[in-house]
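Residue-level listing of the chains:
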Amino acid sequence: MAFGKSKNRRRQDAAQTKEAVKGAVRSHGPGLLKAILLTGLTCALVWGGIELRRWALSSPTFLLKETTFSGLQRAAPGELLKLSGLTVGQNLWSLDVETLERTMAAHPWVRTVEVRRHFPSSVSVEVSEHVPAALAALGDLYLVDEDGEPFKRLQPGDKLDLPLVTGMDREGYLADEANTRERFRQALEVARAYAATEPLKRERLSEVRVSAEGLVLVMADGMEARLGEGETDAKLQRLSRVREELRARGLSAEVIHLENRARPGWVAVKLSSPVSERSGVSR
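Each residue is numbered by its place in its chain's sequence as written, counting from 1. Reporting in this predicted model follows two pLDDT cut-offs: at least 70 for local features of residues, and 80 or more for side-chain atom pairs to be given and counted; totals over whole chains, interfaces and linings ignore these cut-offs and use all residues. Working from all heavy atoms in the structure, the side-chain values ignore hydrogens and water.

*Asks:* I tried to follow the overall build of the protein chain on my own but got confused; where do I start?
*Replies:* Secondary structure assignment for the protein chain yields seven helices and 13 strands. Put simply, the protein chain has 283 residues, and 33% of those count as buried. Look at the contacts in the protein chain between residues 6 or more apart in sequence, and 46% of them connect residues 24 or more apart. To qualify as a helix, a DSSP run of H or I must reach at least 4 residues; to qualify as a strand, a run of E must reach at least 2; elements of each kind are numbered from the N terminus. Here's how the labels work: a residue is buried when its accessible area is under 20% of the maximum for its type, exposed when over 50%, partly exposed in between, all with a 1.4 Å probe on protein chains only. Between two residues, a contact is recorded if the distance between any of their heavy atoms is within 4.5 Å.

*Asks:* What am I meant to see in the nonpolar core here?
*Replies:* One recurring pattern in soluble globular proteins is that nonpolar side chains are buried together. In this structure, Leu-217, Met-219, Leu-236, Leu-239, Ile-256 and Val-269 are the most contacted members of the largest nonpolar core, which totals 36 residues. Ranked by residues supplied to this core, first place goes to helix 6 (residues 177–195) with seven residues. Discounting chain neighbours no more than four positions away, the residues touching Leu-217 are Val-190, Tyr-194, Leu-205, Glu-207, Val-208, Met-223, Glu-224, Ala-225, Leu-227, Leu-236 and Leu-239. Core analysis: the second largest hydrophobic core is formed by 19 residues, Leu-80, Leu-95, Val-123 and Phe-151 among them. Remark: nonpolar core denotes a set of buried residues (Ala, Val, Leu, Ile, Met, Phe, Trp, Tyr, Cys) joined through side-chain atoms within 4.5 Å.

*Asks:* What am I meant to see in helix 6 here?
*Replies:* Structural remark: α-helix, 3.6 residues per turn; residues separated by three or four positions point the same way. A helix is expected to span 1.5 Å for every residue after the first. With 19 residues, helix 6 extends 27 Å between its outermost C-alpha atoms, agreeing within 8% with the 27 Å of an ideal straight helix rising 1.5 Å per residue. Turning to helix 6, its buried residues number three or more, namely Thr-180, Arg-183, Phe-184, Ala-187, Leu-188, Val-190, Ala-191, Ala-193 and Tyr-194.

*Asks:* Whenever I open this one, the side chain of Glu-129 confuses me. Can you help?
*Replies:* Note on placement: Glu-129 falls in strand 3 (residues 122–129). Counted charges follow a simple rule, with Lys and Arg positive, Asp and Glu negative, and His plus the chain ends left uncounted. Basic side-chain nitrogens of Lys or Arg form a salt bridge, by our definition, when they fall within 4 Å of a carboxyl oxygen of Asp or Glu. It turns out Glu-129 is buried and unbridged, and the closest side chain with the opposite charge, Arg-74, is 5.7 Å from it. Residues adjacent in sequence count toward polar contacts only when both atoms are side-chain atoms; beyond that, a polar contact is any pair of N or O atoms within 3.5 Å, and within protein one must be able to donate a hydrogen and the other to accept it. A polar contact of 3.0 Å, which involves the side chain of Glu-129, links it to the backbone nitrogen of Gln-73. Here Arg-74 takes part through its backbone nitrogen, which lies 2.9 Å from a polar atom of the side chain of Glu-129. Ignoring anything within four residues of it in the chain, the contact list for Glu-129 reads Gly-71, Leu-72, Gln-73, Arg-74, Ala-75, Trp-109 and Arg-111.

*Asks:* Explanation requested: the packing of helix 3 (residues 77–84) against helix 4 (residues 97–104) in the structure shown.
*Replies:* Helix-helix packing: each pair is described by the crossing angle between the helix axes and the interaxial distance. Geometry is summarised by axes, namely lines fitted to C-alpha atoms with helices restricted to the contacting stretch, and by angles between N-to-C directions that run from 0 to 180 degrees. At a closest axis distance of 8 Å, the pairing of helix 3 and helix 4 adopts a crossing angle of 125 degrees. Compared by their axis directions, helix 3 and helix 4 come out oblique. The two elements helix 3 and helix 4 cross, and the hand of that crossing is right-handed. Along the contact surface, helix 3 presents Leu-80, Leu-83 and Ser-84, while helix 4 presents Leu-100, Thr-103 and Met-104. Of the residues contributing to the contact of helix 3 with helix 4, the split by class is four nonpolar, two polar and no charged. Working definition: roughly parallel below 35 degrees, roughly antiparallel above 145 degrees, roughly perpendicular at 65 to 115 degrees, and oblique for all remaining angles. Helix crossings are classified by the rotation of the near helix relative to the far one: an anticlockwise turn of less than a right angle makes the crossing left-handed, while a clockwise turn makes it right-handed. In this count, Pro and Cys sit with the nonpolar residues alongside Ala, Val, Leu, Ile, Met, Phe, Trp and Tyr, while Asp, Glu, Lys and Arg are called charged and the others, Gly among them, polar.

*Asks:* Is there a simple way to think about the sheet that holds strand 1 (residues 66–70) in this case?
*Replies:* Within a sheet, neighbouring strands are paired by backbone hydrogen bonds and run either parallel or antiparallel to one another. One open sheet holds the three strands; their spatial order is 1-3-2, and the pairing between them is mixed. The sheet terminates laterally at strand 1 and strand 2 (110–118), the two strands that pair on one side only. Across the sheet, the mean angle from the axis of one strand to that of its neighbour is 20 degrees, orientation sign disregarded. Strands were regarded as paired on the criterion that DSSP finds at least two bridges between them. One ladder, built from five bridges, connects strand 1 with strand 3; its direction is parallel. Bridging from a neighbouring strand, Glu-66 pairs with Ser-122 of strand 3. Along the sheet, helix 4 makes contact with strand 2 and strand 3, crossing strand 2 at roughly 150 degrees.

*Asks:* Sorry if this is basic, but what is going on with the packing of aromatic side chains here?
*Replies:* The description of two aromatic rings rests on the distance between their centres and on the angle between their planes. Any two rings among Phe, Tyr and Trp, with Trp reduced to its six-membered ring, count as a pair given centres within 6.5 Å; such a pair is stacked if its planes are under 30 degrees apart, edge-to-face if over 60, and tilted if neither. For the structure shown, the criterion picks out four aromatic pairs. Of the aromatic side chains, those joined through ring pairs into one cluster are Phe-62, Trp-93 and Phe-119. Sitting over the face of the ring of Trp-266, Arg-263 holds its NZ or CZ atom 4.7 Å from the ring centroid. For a lysine, the NZ atom is tested; for an arginine, the CZ atom; a charge sits over a ring if that atom is within 6 Å of the ring centre and within 35 degrees of the ring normal.

*Asks:* Explain the environment of Thr-68 to me, please; I cannot follow it from the model alone.
*Replies:* By the secondary structure assignment, Thr-68 is in strand 1. In this structure Thr-68 comes out as partly exposed when scored by relative accessible area, which is 36%. Expressed as a C-alpha distance, the spacing of Thr-68 and Val-115, which sit 47 residues apart in the sequence, is 10.0 Å. Among residues more than four places away in sequence, those in contact with Thr-68 are Val-123, Ser-124 and Val-125.

*Asks:* Would you explain the pattern of salt bridges in this entry?
*Replies:* Pairing between side chains of opposite charge can happen when their charged atoms approach one another. What the rule picks out here adds up to 20 salt bridges. In this structure, the salt-bridge partner of Arg-181 is Glu-177, at a minimum N-O distance of 3.6 Å. With Arg-181 and Glu-177 both in helix 6 and four residues apart, this pair spans about one turn of that helix. A relative accessible area of 24% places Arg-181 in the partly exposed class. Taking the shortest distance from any N to any O, the salt bridge between Arg-243 and Asp-221 comes out at 3.5 Å. Highlighted residues: Arg-243 in helix 7 (residues 232–248) and Asp-221 in the loop between strand 9 (214–219) and strand 10 (224–228), separated in sequence by 22 residues.

In short, the description is geometric, and any link to function would need to be established separately.
Shown next, in the form of structure tokens:
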């Protein structure tokens with residue numbers, strides 16, 4: 001033959017190789033044969049895996065056809081798709097789920113997002129949005145969620161009637177986010193307690209001011225109720241009774257003090273009338 005070995009020579013080489021393997025097995029025991037077989041199987045699996053991956057990444061079977069969203073109230077599907085770059089026709093096997101979640105979470109209304117691939121051709125996106133609970137004055141006005149996190153600058157299209165939290169600034173927030181969020185949470189707890197107290201909840205709460213002495217409530221009519229720290233429910237009950245008593249007498253208050261630590265049951269009232277102040281209104 002012009003090229004290669006003769007058939008007889010190839011048969012002789014194969015026979016020699018077979019005898020060599022048998023000799024090695026006789027010398028080293030069945031463990032060597034097992035190792036040889038496992039090596040061959042491993043090579044076959046690796047080659048098969050490479051080919052399977054190549055097929056999966058090129059097959060039209062796994063091209064994205066549909067993306068569904070759940071949990072959206074403020075954010076729009078198109079906005080999230082634009083942020084993530086997710087489009088019809090992408091291969092599902094090639095999608096980086098963590099990157100998709102991170103880019104969609106950059107939307108100001110999105111609190112958490114979970115992306116799931118559903119083979120062969122769809123993706124679902126489950127979104128949890130921030131729930132606005134108050135406005136915060138931090139240089140600009142920001143929306144604050146129930147966890148005390150300022151998550152979005154207020155825009156003209158955000159039509160929300162929420163109490164305003166004041167007394168903190170942007171520099172303080174950036175310097176100590178954890179402490180500022182805790183103060184926001186305290187202000188929100190007081191606002192929720194106010195909204196649950198009869199008959200106070202019939203009077204609109206306009207502002208919760210955070211100060212070094214504690215929290216101050218500002219009503220829609222401009223009256224201030226200085227609560228201080230702690231015993232929120234008891235103080236709101238006293239505030240309610242004082243407001244009812246003043247209304248019955250035809251009087252209005254400029255400031256109601258409930259922050260007396262030495263005498264927690266005392267209330268001091270600064271009237272809007274010529275009588276400047278009355279103290280010791282009973283609980």
